Amino acid sequence: MGGERQHYYGKHGTPQKYDPTFKGPIYNRGCTDVICCVFLLLAIVGYVAVGIIAWTHGDPRKVIYPTDSRGEFCGQKGTKNENKPFLFYFNIVKCASPLVLLEFQCPTPQICVEKCPDRYLTYLNAHRSQDFEYYKQFCVPGFQNNKGVAEVLRDGDCPAVLTPSKPLAQRCFPDIHSHKGVLMVGNETTYEDGHGFRKNITELVEGAKKANGVLEARQLAMRIFEDYTVSWYWIIIGLVIAMVLSLLFIVLLRFLAGIMVWVMIVMVILVLGYGIFHCYMEYARLRGEAGSDISLVDLGFQTDLRVYLHLRQTWMAFMIILSILEVIIILLLIFLRKRILIAIALIKEASRAVGYVMCSLLYPLVTFFLLCLCIAYWASTAIFLSTSNEAVYKIFNDTACSVAGKTCNPETFLSSNESRLCPGAHCQFAFYGGESTYHRALLGLQIFNAFMFFWLANFVLALGQVTLAGAFASYYWALNKPDDLPAFPLFSAFGRALRYHTGSLAFGSLILAIVQIIRVILEYLDQRLKAAENKFAKFLMTCLKCCFWCLEKFIRFLNRNAYIMIAIYGTNFCTSARNAFFLLMRNIIRVAVLDKVTDFLFLLGKLLIVGSVGILAFFFFTHRIRIVQDTAPPLNYYWVPILTVIVGSYLIAHGFFSVYGMCVDTLFLCFCEDLERNDGSQERPYFMSPQLRDILLKESAEEEGKRGEVEE
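Think of each chain on its own: its residues are numbered from 1, step by step along the sequence as written. With pLDDT at 70 or above as the cut-off, local features in this predicted model cover only qualifying residues; side-chain atom pairs require 80 or more to be listed or tallied, and sums for whole chains, interfaces and linings still use all residues. Here the side-chain values reflect all heavy atoms present in the structure, with hydrogen atoms and water set aside.

Asks: Please clarify how the pattern of salt bridges should be interpreted in this entry.
Replies: Think of it this way: side chains of opposite charge can pair up when their charged atoms draw near. Salt bridge, as applied in this entry: a Lys or Arg side-chain nitrogen positioned within 4 Å of an Asp or Glu carboxyl oxygen. Taken as a whole and judged by the stated rule, the model has ten salt bridges. Linked by salt bridges that have partners in common, Arg 519, Glu 552 and Arg 556 make up one network.

Asks: Can you help me understand the nonpolar core in this one?
Replies: Nonpolar side chains in soluble globular proteins tend to end up buried together. Core analysis: the largest hydrophobic core is formed by 99 residues, its most contacted members being Trp 455 and Leu 601. In terms of residue count, helix H16 (residues 442–476) provides more of this core than any other element does, 20 residues in total. Only heavy atoms matter for contacts: two residues are in contact if any of them lie within 4.5 Å across the pair. Apart from residues no more than four positions distant in its own chain, Trp 455 is found in contact with Phe 39, Leu 40, Ala 43, Ala 506, Ser 509, Leu 510 and Ala 513. Take the buried Ala, Val, Leu, Ile, Met, Phe, Trp, Tyr and Cys residues and link them wherever side-chain atoms come within 4.5 Å; each set so joined is a nonpolar core. The buried label applies to any residue whose accessible area, calculated with a 1.4 Å probe on protein chains only, is under 20% of its type's maximum; exposed applies above 50%, and partly exposed to all values in between. Core analysis: the second largest hydrophobic core is formed by 18 residues, Tyr 134, Tyr 135, Phe 143 and Cys 158 among them. Every helix listed is a DSSP run of H or I at least four residues long, and every strand listed is a run of E at least two residues long, numbered separately from the N terminus.

Asks: How should I be thinking about the packing of helix H19 (residues 535–569) against helix H22 (residues 639–677) in this particular structure?
Replies: Any two packed helices are characterised by the angle at which their axes cross and by the distance between the axes. Every axis corresponds to a line fitted to the C-alpha atoms, with the helix fit spanning only the stretch in contact, and the corresponding angles, defined between N-to-C directions, vary from 0 to 180 degrees. Two elements in contact, H19 and H22, have axes whose closest approach is 10 Å; the angle formed by their N-to-C orientations is 65°. Two packed elements cross with a definite hand, and for H19 against H22 that hand is right-handed. Residues Arg 560, Asn 561, Ile 564, Met 565, Ile 568 and Tyr 569 of H19 lie in contact with H22, whose contacting residues are Ser 658, Gly 661, Met 662, Asp 665, Thr 666, Leu 669, Cys 670, Glu 673 and Arg 677. In terms of residue class, the contact of H19 with H22 is built from seven nonpolar, four polar and four charged. Crossing handedness: left-handed means the near helix sits turned counterclockwise from the far one by under a right angle, and right-handed means the same turn made clockwise. The nonpolar class holds Ala, Val, Leu, Ile, Met, Phe, Trp, Tyr, Cys and Pro. Asp, Glu, Lys and Arg form the charged class, and all remaining residues, Gly among them, are polar.

Asks: For this particular structure, what's the right way to read a nonpolar patch on the surface?
Replies: Like charges are joined within 9 Å and nonpolar side chains (Val, Leu, Ile, Met, Phe, Trp, Tyr) within 5 Å, but only among residues with over 30% relative accessible area and no salt bridge; these make up the patches. Accessible surface is estimated by sampling points in the Shrake-Rupley manner with a 1.4 Å probe; for residues, cover comes only from the protein chains shown. Taken together, the side chains of Leu 247, Leu 248, Val 251, Leu 252, Phe 255, Leu 256, Ile 259, Val 263, Val 266, Met 267 and Leu 270 define a hydrophobic patch exposed on the protein surface, amounting to about 950 Å² of accessible area. For the nonpolar patch, the secondary-structure elements that each account for two or more residues are helix H8 (212–255) and helix H9 (257–285). Turning to its location among the elements, Phe 255 is positioned in helix H8.

Asks: How should the packing of aromatic side chains be read in this particular structure?
Replies: Given two aromatic rings, their pairing is described by the distance between the two centres and the angle made by the two planes. Pairing of aromatic side chains here covers Phe, Tyr and the six-membered ring of Trp, requires ring centres within 6.5 Å, and sorts the geometry by plane angle: under 30 degrees stacked, over 60 edge-to-face, intermediate tilted. Tallied over the entire structure, the rule returns 29 aromatic pairs. Both rings, one in Tyr 563 and one in Phe 573, keep their centres 6.3 Å apart while their planes meet at 50°; by these two values the pair is tilted. With Tyr 563 in helix H19 and Phe 573 in helix H20 (residues 573–586), the pair connects residues that are ten residues apart, well separated along the chain. On the basis of relative accessibility, which here comes to 3%, the residue Tyr 563 falls in the buried class. Aromatic side chains Phe 602 and Tyr 660 sit 6.1 Å apart centroid to centroid with 70° between the ring planes, which places their arrangement in the edge-to-face category. Here Phe 602, found in helix H21 (residues 588–621), pairs with Tyr 660, found in helix H22; they are 58 residues apart in sequence, far enough to count as distant. The ring of Tyr 134 carries the charged tip of Arg 119 above its face, separated from the ring centre by 3.8 Å. To sit over a ring, a charge needs its Lys NZ or Arg CZ within 6 Å of the ring centre and within 35 degrees of the ring normal. Lying across the ring of Tyr 283, Arg 312 places its NZ or CZ 3.9 Å from the centre.

Asks: Please clarify how the packing of helix H1 (residues 34–57) against H16 should be interpreted in this entry.
Replies: Direction vectors running N to C along H1 and H16 enclose 135°, while the axes themselves pass 11 Å from each other. By the criterion of interaxial angle, the relationship of H1 to H16 is oblique. Both H1 and H16 take part in a crossing whose hand is left-handed. Contacts between H1 and H16 involve Phe 39, Leu 40, Ala 43, Ile 44, Gly 46, Tyr 47 and Val 50 from the former and Leu 445, Phe 448, Asn 449, Met 452, Phe 453, Trp 455, Leu 456 and Phe 459 from the latter. Partitioning the contact of H1 with H16 into residue classes produces 13 nonpolar, two polar and no charged. Roughly parallel here means an angle under 35 degrees, roughly antiparallel means over 145, roughly perpendicular means 65 to 115, and every remaining angle is called oblique.

Now the structure itself:
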């Protein structure tokens, strides 16, 4: 181009013209989208300020360690509750409030205790018996037995009833279990309430079941955490195996691209075939076993997912899903067999490009490190913001009172004017929050925190895409490969991206971040509207979610190709996006049948690695195989490490294959530009390799012939 601006006319723009001075990525370029670069820097400064404010006001120990109603930690050294490690709730039923998940606090009085209750006892029976000393340890600190029973229960000085409890995450929860099909608490089935009446314990269970959702969620979270603590090193070993397999696959792809692609296709078919066979064997094995014919609908949701593996219907569903995938893949391979040959040629060319820029395989580590920094800063800031709330106490009174509902200080309330105005009032813990400007702005700060995470994460990904595109474009536009290739193409591309195009990367990632934060807000609104019966609102919300999902996919596709044009020509984001879009539209058939076939092949490669590591993890964590003398640790849910290994393996494989994917996309755009600029003559030779030229030009001639026949 030689600095000449490209003017596009017509429906899909004007094809590129021959330029003898164009030799690949332009080095004489200027800064682009400077305003967006300034906005990004200002946003980062504001983000740092939000983090400092959050770290000043927040206390993440509220998430890890329990705190009583006065905001004091239980069991921490150097505090008056040092010997009281467990948190006791006066009324556990109030923990069913959804605010618990947002504020990490149940709206009921809580105290730190040495141990959880181990018996049934009511205050009415205990305050005049020898059990009072035992009962007293579950009352508020400093409680004196100088009030009547009604006054004590009214003021919330003591719980009305104690039930057998067990500690979980340093918190006392009712010991609810099943005995011969009957839900029980502890080892007894009756208790006396605060008025001396004996009731069946199932009534207490019914009350506690109101908090069942929160309790089950906490128990599930703690069991999952326990599984991670005993299996983390095996998870790391599984991820290392996935990394070694991915690296080995990429290296072999460099030298044996054609063979590896066909081996990959065959292996994916075999892995899915084995999955179908294994599901059928499990389905046949369960025939005749008691309870195996129960349907999934009748069983309902169970936190212990192992229960589903004892149902024949589960294995039948797995077998059907895998069979459908197997048929779809085989049909695609049959209909795309010619396109696969062309895609293999493109992958071979990409393998040669990666071979000349081998350090590109290590660049995903840089992206991974930067993304970890973004995630760590976002998570820590979110936790500090969530724990910035303070214990709010308000005045409660059973009768009309002018100061009822106002905030108060429990330490000075008895000597304050409010207590004299309302003699029967008491200062009681209300909730965790705050009424200052900072506390009212917490929701907005959380949204800003999420928005900045999306913006920075997308910026990191964009930086990686521009860097790799610049390096691989240098390879393609080198006429004599590898003699004309720059000394350090990857580092040169990285430097150009940061020096000249930080603003363009910020612009593209900003657009994507705005769409993503809108999708998050829509998900939040959708959760709030689930209880509503307005079908039109639900329909509208579903349409909006679908539209923004499609918009995000389109913007990702457009950004990716725009970044390639930025890496080559050094133009601003809007110009690059327009040029890339018109170039793809002028080659829409090739985009549909060639570029996407390579994506399909890379997806098969990821599935092969993930499937292999997942099967290995399944056999190991279900104790079906042993590694040397070691065996899998005992787990609450063996699917926890298996899913972690599978997800981690996919991310690792995606990181390695993303290099090849970016290489293929870059070479494809360069190929389309090469066809428009040059004609293959000695004066205007093609920059593509002879092998790629023979296959792609032959395919292009066939496409033109078919198009001519259709027009006739």
